[in-house]
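# Geometric and topological summary
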Amino acid sequence: DIALFPQQNEFRNKENISGIWKFQKDSLDVGEAQNWKNGLPNTRSIAVPGSWNDQFTDSRDYLGTAWYEKDVFIPSSWKGQKIYIRIGSANYASKVYLNGKPVGAHEGGNLPFAFDISALINWNVANRITIQLENILKPTRVPTGGGVAGGMFNSNPKANFDFFPYAGLQRDVLLYSVQSDANIKDITVQTGFENTTGSVNVKVDTEGKATKGKVTISGNNKVYESEFVLNGTTANVLVKIPEVRLWSTEDPFLYKVAVSISDASRVIDTYELETGVRTISTNDKQILLNGKPVFLKGFGKHEDFPVFGRATANPVIIKDYSLLKWVGANSYRTSHYPYDEEYMNMADREGILIINEIPAVGLYFHGDKEELRLRQIACKKYIEELIARDKNHPSVVMWSVANEPTPEVMNMSPKDVKKADPQSVILFKELLDLVKKLDPTRLKVLVGVMGGPVEWLALSDVVCINRYWGWYTNQGDIKTGAKMLSDELDDLYSKLKKPIVITEFGADTFPGMHADQAEMFTEEYQVQFIKAYLDVADTKDFVAGMHVWAFADFKTGQSVIRFGGMNYKGVFTRDRKPKMAAHYLRERWTKKPEDKK
Ligand code: E9O
């Protein structure tokens, strides 16, 4: 039950119960046996949203079980309604209790889930909410840790990815209610246009006894209304908009879509959202937004900030969008997991194109088969939950089902990459087919790393590759790196005949470190590395986008290649100060509008 974001209106209620909660670690896993759901014995205070790792002085590497508790009073005016608790994100596995009774369990981080708690509410007194949660890295989970995973990139904790595995309730916790006799369960908006006429297809799913309804689309000083009769519990409504104002990166215009449902006598529920009328497609060399080529300029990002960890920090969201605009970016990838809903809302309003990624980073296919099967199931569940959450955002133009799956033997020469394990090709086909089935209107991709087989890349609508020739290989030698990139791009294009986006390229850069002759880790090296890659891309008409890794420096686990537990490939520092490279990109991306890259 995660479809529509909770909304306050005449028929619906919403209350944000984030804030300071009670918290207790359970490193011996005794909480269940000792019935901590009836009251935690020895708590301290914790902020929600917040990762627990950086809030205390003793929990940075703690990934085991911990418990959250909060007493809430539910207004008596909500009585008779269907009442839910909605958890924005709980990394990784959680169990939720109300007044000591189980209400549900969920696995997987970075996506919301909700449980109906109506039957268990105490009226006129406080209700105790208890959430048990753990973030143990396991080979059966996605992203993956422990087992044969991990090593160089993240030695401690042992993970198959470098970003720090922050844990806890990292997004808002909400209570919300809908009408119990009938309500709008879900709305799916798909848009298109022909000549100057836009089309907005609105699918409405309801539960309960409503029989009919109305869709009202307004914007650009016009209002379009369309009444519908429910066929069972669903309706499909097509609204045409003459002289449509399309959504684009230059003019991210949003129409309001209001849906109401009624029975014979009265309106029972309403819900309002925003949509942008636009299409996304490709030809053999370009990505097309509304049929016109668009070149992706931007970054891979993280949800990461000092003290907040991976938690939603609204000022950081706003700041990041102003920096994206400042630097002249038009897009980014939600590497390597879905971000808070507010990032998507901002992208809709600001005209930023999103590659929306599930947490499948560093998938591998060797090792235990049963573990692999469970990872596949986790990937499918993430795809379903992500598309259910983000399908109505015009900013989302691609779904990414994986970042850097790893072949059993990594080969670092672009000329001698091994063939893919047949099982891996089957899995990626299944994941991409599932995306197509759930959302045929967007592009579907997977992101490959150097050393990954071409068979994987061939499955993508847009070939997405992460490349570090001149950083992880040919260290200190940007010239050779750029040459390798150029040759490899030509070779890939001749084989695949699809647009290519370089979804990662970058160099660790310690802010303030300089050299008169560019040298690894200096700001000069980062500028020259980025410049060399952008210059290569400028010479190839089939390169459709360049995403620098990364937007900002971010926290990692401990490893000899992660000085101070940080990845320093940001063009902004962790606290969002520009490095020289940020100024360079701004120069290149904003001052020369005639130059597409
Ligand atoms: C994924 C991203 O999350 N790609 C990595 C990024 C990095 O900076 C990481 O932060 O490390 C790059 C992968 C490059 C693989 C080359 C392997 C060479 C082994 C030494």
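One can find the structure itself at the top, above this paragraph.
Cut-offs used in this document
- Residues numbered from 1 in each chain as written.
- Predicted model: local features only at pLDDT ≥ 70, side-chain atom pairs only at ≥ 80, totals over all residues.
- Heavy atoms only, no water.
- Helix = DSSP H or I, 4+ residues; strand = E, 2+ residues; numbered from the N terminus.
- Rg over C-alpha atoms; globule rule 2.2 N^0.38 Å.
- Contact = heavy atoms within 4.5 Å.
- Areas by Shrake-Rupley, 256 points an atom, 1.4 Å probe, with all protein chains shown as cover.
- Buried < 20%, exposed > 50% of the residue type's maximum accessible area, 1.4 Å probe, protein only.
- Phe/Tyr/Trp six-rings, centres within 6.5 Å; stacked < 30°, edge-to-face > 60°.
- Lys NZ or Arg CZ within 6 Å of the ring centre and 35° of its normal.
- Polar contact = N/O pair within 3.5 Å; in protein donor to acceptor, adjacent residues only side chain to side chain.
- Pairing = 2+ DSSP bridges.
- 1 Å grid on protein atoms, 1.4 Å probe; cavity = no way out; pocket = protein on both sides within 12 Å on 5 of 7 lines; lining within 4 Å.
- Points joined across faces, edges and corners; volume = space filled by probe spheres on them.
- Nonpolar A, V, L, I, M, F, W, Y, C, P; charged D, E, K, R; others polar.
- Near = heavy atom within 4 Å.
- Salt bridge = Lys/Arg side-chain N within 4 Å of Asp/Glu carboxyl O.

### Observations concerning the overall build of the protein
What the protein contains, in helices and strands, is 8 helices and 32 strands. Computed over the C-alpha atoms, the radius of gyration of the protein is 24 Å, within 12% of the 25 Å expected from 2.2 N^0.38 for a compact globule of 597 residues. At a minimum sequence separation of 6, the contacts of the protein that also span at least 24 residues come to 71%. Counting every atom, the protein has about 22,700 Å² of accessible surface; 52% of that belongs to carbon and sulfur.

### What about the environment of G481?
Position of G481 relative to the elements: it lies in helix α6 (residues 478–496). With relative accessibility at 0%, the residue G481 sits in the buried group. Residues G481 and W471 lie 10 residues apart in sequence; the distance between their C-alpha atoms is 7.8 Å.

### A word on the packing of aromatic side chains
Per the counting criterion, the structure on display carries 35 aromatic pairs. Seen from their ring centres, F365 and W456 are 5.7 Å apart, and the 55° between their planes marks the pair as tilted. Remark: W456 occurs in helix α5 (residues 454–457) and F365 occurs in the loop between β25 (353–357) and α3 (369–390); sequence separation between them is 91 residues. Since its relative accessible area comes to 3%, W456 is described here as buried. Grouped by ring-pair contacts, the aromatic residues F161, F163, Y321, Y332, Y337, Y339 and Y343 constitute a single cluster. In this structure, R44 packs its charged tip against the face of F56, placed 4.1 Å from the ring centre.

### Here we look at the side chain of Q132
When you line up the elements, Q132 lands in strand β10 (residues 126–134). Taking relative accessible area as the criterion, Q132 reaches 8% and is therefore assigned buried. One polar contact links Q132 to E32, side chain to side chain, over a distance of 2.9 Å. The contacts of Q132, once residues within four sequence positions are left out, are E32, T65, A66, W67, A93, S94 and K95.

### Brief notes about the pairing of strand β7 (residues 93–98)
In terms of burial, β7 is largely enclosed, as 5 of its 6 residues are buried. Counting the residues that bridge the hairpin from β7 to strand β8 (residues 101–107) gives 2 residues, and of these N99 lies at a positive phi of roughly 50°. Pairing geometry for β7 and β10, over 6 bridges, is antiparallel. Bridge pairing in β10 places S94 opposite L133.

### Notes on empty space enclosed by the protein
In the structure shown here, the tally under the stated rule is 4 cavities of 30 Å³ or more. Grouping the amino acids of the lining of the largest cavity by side-chain chemistry returns 10 nonpolar, 4 polar and 3 charged.

### Topic: the site of the ligand
The local shell around the ligand holds 15 residues, among which D162, H336, E404, Y472 and K569 are the closest. In the environment of the ligand, an oxygen atom lies 2.8 Å from a nitrogen or oxygen atom belonging to the side chain of R562. In the complex, 87% of the free accessible area of the ligand, which totals 520 Å², lies under the protein chains. Broken down by class, the residue content of the shell around the ligand amounts to 7 nonpolar, 3 polar and 5 charged.

### Looking at the pattern of salt bridges
Enumeration according to the criterion identifies 45 salt bridges in this entry. Two residues, E341 and R86, come together in a salt bridge whose shortest N-O distance is 2.8 Å. Note that E341 is positioned in helix α2 (residues 341–350) and R86 in strand β5 (residues 82–87), a separation of 255 residues in sequence. The residues E341 and R86 share a single accessibility class, namely buried.

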